[in-house]
Amino acid sequence: MDEERISMPLHPSGGKLQMPVETEADVLALFEKALSLALTAGPLTGERYRRDIEDHFYYIGALCPQYVRPLHEAMVQLTGKQFHFFCFSFAEYLYLLQGASDFCVDHLMQRLQLPHQGSTSYFLESMLAAIGTPTALAAMAEYAERNQKESVFREMGFWLPGGGKSAVPRFTHHRRAMRFQAVDETLSAGEQETRSHPVGLPLSFIAEEPVPDLIAWHYVTLDLAQIDGLPATLFSRAHLVSPPSNGEWTLFCAISQQNRYTQATLRDAKDTDFEDEAYWRQQADTWKTAMRGEVVLLPYDDRLIYCNGHTQQTEGVYGDVGGPPLGLAELPNCPVCHKLMFHACTVTSGIREYGDGFRSLFLCEDCNYVASQAMGWN
Ligand SMILES: [Zn+2]
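Position labels on residues start from 1 in each chain and follow its written sequence. The model is predicted, so local features are restricted to residues of pLDDT at least 70 and side-chain atom pairs to those at 80 or more, both for listing and for counting; the totals for chains, interfaces and linings are taken over all residues. The basis for every side-chain value is the complete set of non-hydrogen atoms in the structure, without hydrogens or water.

J.: Can you help me understand the pairing of strand β11 (residues 342-348) in this one?
T.: Here is the key point about a regular strand: its side chains alternate between the two faces of the sheet. Buried means the residue's accessible area, taken with a 1.4 Å probe over protein chains only, is under 20% of the maximum for its type, while exposed means over 50%, and partly exposed covers the values in between. Numbering of helices and strands starts at the N terminus; helices are DSSP runs of H or I of at least 4 residues and strands are runs of E of at least 2. Judged by how many residues are buried, β11 sits mostly within the fold: 7 of 7 residues are covered. One bridge is not enough; two strands pair if DSSP finds at least two bridges between them. In this sheet, β11 lies alongside strand β10 (residues 317-321) in antiparallel orientation, the contact comprising 3 bridges. The partner of Val321 across the bridge, within β11, is Cys345. Two strands pair when backbone bridges link them, and β11 and strand β12 (residues 358-364) are joined in this way by 6 bridges, in the antiparallel orientation. The residue bridging His343 from the neighbouring strand is Phe362, located in β12.

In structure tokens form, the structure reads like this:
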């Protein structure tokens, strides 16, 4: 029964360093080790150590972010090689620097006034965005307006209303891993639909008939009440779907209070030509009753595997509900009110094989719109 717990949940991807992170003292020791490695390791081993340190902090952000709190002020003041050892992704900073003090906000704002080389500004901006306090959200808006940096924060999932108003996060910090499990082949679609997060429903279950031509494939339906931190909506479920395409696209669907899509509009299917479309329609038809299952939501605890900034080495895990969007494609604005849509989930296409890359779901709580979006791997 405890088998899952015997395997170490933290798998550092550089393969050079594994340190305990059970207590606040452990995390301080790790931080000090990282600062020393940043100054002493050669370039090749240094990069492997750096990745290991990053994975340790990814794990700490998920399980025990409170142990990093005493290090916030030191982290935002790092410079030179030590700063570059702590250049993490925005999604990693988000769970480490959340709620950092106004001193940290002021210090980052002062540093951002200075000219920087390379990607340094971007990492300072990511740290500022990760803090998320009212002071930080106001500072982000001020900085973005002064420097025309709206798009940087937008890619991280923040809406900037303009006119001096604070940045608004359009994602929830509450994240859970999405694990696929197959359902019994004899289960009827009607019974499958009663599961919380079904995978592979008939399209007539998710859209009003006649089903809009642009909806060709169903990945997963989410019961929104089970995702903490989403805005209140008139609809209670949303469906991640695909048009007959393997390009980069965003499919906007109006949704009824009965949770059925009523119309669909496609944007950015640049690479789709008619031949591709015919092929993907045929694939959808051939496999329409295959790969049925459901998603179970797992907490970010020590039963997941943490490696390379994600948990997808955990068996059956394909992505997350909640957390920030990946930012690999232009995030969708609501087609009605034009506000940045709220991120609900991101998974890989492997959750129900169709196309290739990441798939995300966004919603607008005011206009009853849902967007499914496809991105390539990077
Ligand atoms: Zn809207």
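J.: Quick question: what am I supposed to make of the domain arrangement of the protein here?
T.: In many analyses, interface size is given as the accessible surface area lost on bringing the parts together. All domain edges in this entry derive from an automatic or database-based domain assignment. For the protein, the assigned domains are domain 1 (3-169) and domain 2 (176-375). With centres defined by C-alpha atoms, the gap from domain 1 to domain 2 works out at 30 Å. At the junction of the two partners, domain 1 supplies 23 residues and domain 2 supplies 25 residues. A 1.4 Å probe defines the accessible area here, and the buried area is the portion of it lost by two parts on being joined, summed over both. Counting each side, the surface lost to burial between domain 1 and domain 2 is near 2000 Å², with a carbon and sulfur contribution of 58%. It is Tyr58, Arg154 and Trp159 that lose the most area in domain 1 upon contact with domain 2, and together they represent 31% of the buried surface on that side. In this analysis, two residues are considered to be in contact whenever any of their non-hydrogen atoms come within 4.5 Å of each other.

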